Amino acid sequence: MSKDYVIGIDLGGTKIYTAVVDLEGNIISEETVATNAAEGEQAVLNRILGTVETVLKNVDISNVKAIGIGSPGPLDVKNGIIVNSANLPFKNFNIVQPLKEKYKLPTFLDNDANVATLGEFMFGAGKGTENMVFVTASTGIGGGAVLNGKLYRGNTANALEIGHMTVMVDGPRCGCGNAGCAEALGSGTAIMKRGRDAASSNANTTLKNYSEVTSKEVFEEAAKGDRVSKEIVNTALSYLGIAVANIVNIFDPEKVVVGGGVTNAGQIVFDKIQEEVDNRCLKAISENCVIEKAVLGGKAGVLGAAALAIMEIK
Ligand SMILES: [Zn+2]
């Protein structure tokens, strides 16, 4: 009996990760290449097509049912267009058409957060749920939601911009232009900024022992007991937790899956989010909602792109 496969393409600013994936999320063949975005649209498109050729080498293409692509946005998902992206050369570029033409397969595009959400839902920590929210906290904060078993995109496919939820009146300025966004208070970047401010202030903190402070050093010094670092970490994780609590009250999910670099700091992240959810959500909702760590890690994008393809052809 022949097996069905899909192709997942994780298009990022630094690398392109492409794989043939079976319907259970097992990677059959894969290739990762540098994006080299500076070389321009055509060169990057050729490199994407090249990775697809490579991963198809030992696979019968008649068993491949669809292609999914995850890309940073903003995108025009319906028309398969990358509108623009800070780290990619594409401007109003139809990324779906060349793949469709070459392989005669249904081909789908969605943004990296939605794709990662689908990956965790289909193959990761969200497997078996019907209502799941994915939150990623790294340099920024983002996410996605699966509601009643379906990805919730919203009108412009930008739903679940969790990082730009206002969580503090007159808070620090966010990259989006608003003030007091969750991202400006609870992201890795926010922790790094506050750590650097503390290191160059009069405060008594071991952060002064570093020539360059990132969120990693702040987490490490907090774990060792540095009072200033602990305060920074607790405050930032509280704001992240507040953002998650707001989402939980709105969507009433079975599970919140949390991923991204900030979760590398360990259990403290989950304890703090749980504390805010317990304190701020309706009991009927929070008592039936589990907060869990994402499991796909660096494969979230490629498996998510495969999940998108599977979801769309079902
Ligand atoms: Zn913002």
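This text goes with the structure placed above it.
The notes below deal with the structure included here. Everything numeric in this text was worked out from a predicted model, so none of it was measured.

Turning to the environment of Leu 296, a few remarks are in order. Positionally, Leu 296 belongs in the loop between strand S13 (290–293) and helix H10 (300–313). Sequence-distant contacts of Leu 296, defined by excluding residues within four places in its chain, comprise Gly 119, Glu 120, Phe 123, Gly 124 and Leu 303.

It is worth spelling out the sheet that holds strand S5 (residues 75–76) at this point. With antiparallel pairing, three strands are arranged side by side in an open sheet as S5-S6-S7. Two strands close off the open sheet at either side, each with one partner strand: S5 and strand S7 (93–94). Note that S5 and strand S6 (residues 81–82) share two bridges and pair antiparallel. Across the sheet, residue Asp 76 finds its bridge partner in S6, namely Ile 81.

With respect to the element layout, Thr 107 can be found in strand S8 (residues 107–111). Looking at Thr 107, the relative accessible area reads 5%, which means it is buried.

Each protein donor to the zinc ion is listed here as His 164 (ND1), Cys 174 (SG), Cys 176 (SG) and Cys 181 (SG); together their distances run 2.0 to 2.3 Å. Viewed at the metal, the four donor atoms of the zinc ion are separated by angles of 105 to 123 degrees, and the geometry they form is tetrahedral. Going along the chain, you hit the donors of the zinc ion in the pattern H-x9-C-x1-C-x4-C. Of this pair, His 164 sits in the loop between strand S11 (150–151) and helix H4 (182–186) while Cys 181 sits in the loop between S11 and H4; the two residues are 17 residues apart in sequence, bridging distant segments of the chain.

Within the element layout of this structure, Phe 123 appears in helix H3 (residues 112–123). Take Phe 123: its relative accessible area is 13%, and that puts it in the buried class.

Taken as a whole, this structure holds one aromatic pair when the rule is applied. Look at Phe 90 and Phe 93: their rings are 4.6 Å apart centre to centre, the planes differ by 35 degrees, and that puts the pair in the tilted class. Here Phe 90 falls in the buried class, since its relative accessible area comes to 0%. Residue class for Phe 93 comes out buried when judged on its relative accessible area of 13%.

What counts and what doesn't
Residues numbered from 1 in each chain as written. Predicted model: local features only at pLDDT ≥ 70, side-chain atom pairs only at ≥ 80, totals over all residues. Heavy atoms only, no water. Helix = DSSP H or I, 4+ residues; strand = E, 2+ residues; numbered from the N terminus. Contact = heavy atoms within 4.5 Å. Pairing = 2+ DSSP bridges. Buried < 20%, exposed > 50% of the residue type's maximum accessible area, 1.4 Å probe, protein only. Donors = N, O, S within 2.8 Å, 3.2 Å for Na, K, Ca; no water. Tetrahedral: all angles 85-135°; square planar, octahedral: opposite > 155°, others 65-115°. Phe/Tyr/Trp six-rings, centres within 6.5 Å; stacked < 30°, edge-to-face > 60°.

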